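Chain and residue survey
Chain residues, written in single-letter form:
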Amino acid sequence: MKLQPIGHVESPLTDRSAAPGQADEGAPEAWLVFAPEYERAMRELAPGQDVLVLTWLDRADRSVLAVHPREDLDRPETGVFSTRSPDRPNPIGLHHVRIVAVDGVRVRVAHLEAVDGTPVVDVKPVLGAER
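These remarks concern the structure in this document.

About the thresholds
Residues numbered from 1 in each chain as written. Predicted model: local features only at pLDDT ≥ 70, side-chain atom pairs only at ≥ 80, totals over all residues. Heavy atoms only, no water. Pairing = 2+ DSSP bridges. Helix = DSSP H or I, 4+ residues; strand = E, 2+ residues; numbered from the N terminus. Axes fitted to C-alpha atoms, helices over the stretch in contact; angles between N-to-C directions. Salt bridge = Lys/Arg side-chain N within 4 Å of Asp/Glu carboxyl O. Buried < 20%, exposed > 50% of the residue type's maximum accessible area, 1.4 Å probe, protein only.

Right, let's get into the sheet that holds strand β8 (residues 119-125). With antiparallel pairing, six strands are arranged side by side around a closed barrel as β1-β2-β7-β6-β3-β8. Going from strand to strand, the sheet's axes swing by 45° on average, the running direction of each strand aside. Sheet analysis places strand β6 (residues 92-103) next to strand β7 (residues 106-110), joined by five bridges and oriented antiparallel. Its bridge partner lying in β7, R98 is registered against A110.

Right under this line is the structure:
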């Protein structure tokens, strides 16, 4: 299996430990910066559109199989597949965001909890009734 980044995140979040755990916990706007060869793939991306951004959480600990949810030691240890922990065997991030602006190969999105430099591996539309 070969996974290739198509771009990266530019975000004011630089410290993983200070980043919000979820988008609705104060995640800022951020830029998705695509490699120039993917500009054609971006053609229909537009402000106001909801998309799913898949990232590779490159700072994750891939050996982690269980965590205390929300890092709360009072909560029982839980298998990572039942959590949103970034630490997991294949650290793929899934982010539901709204496009705010498109500028060439840069797409500004709202409420992205990924830290600066995180590789972007795919973008998919959020499907509604029109599918």
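Time to look at the pairing of β6. Two elements, strand β3 (residues 50-56) and β6, share seven bridges in a ladder whose sense is antiparallel. Note on β6: the bridge partner recorded for V51 is V97.

Applying the stated criterion across every chain yields a total of five salt bridges. A salt bridge links R98 to D50; the nearest nitrogen and oxygen atoms lie 2.7 Å apart. With R98 in strand β6 and D50 in strand β3, the pair connects residues that are 48 residues apart, well separated along the chain. The exposure class assigned to D50 is partly exposed, which follows from its relative accessible area of 22%. Measuring nitrogen to oxygen at the nearest pair gives 3.1 Å for the salt bridge that ties R59 to D58. Under the relative-accessibility criterion, D58 is labelled partly exposed at 39%.

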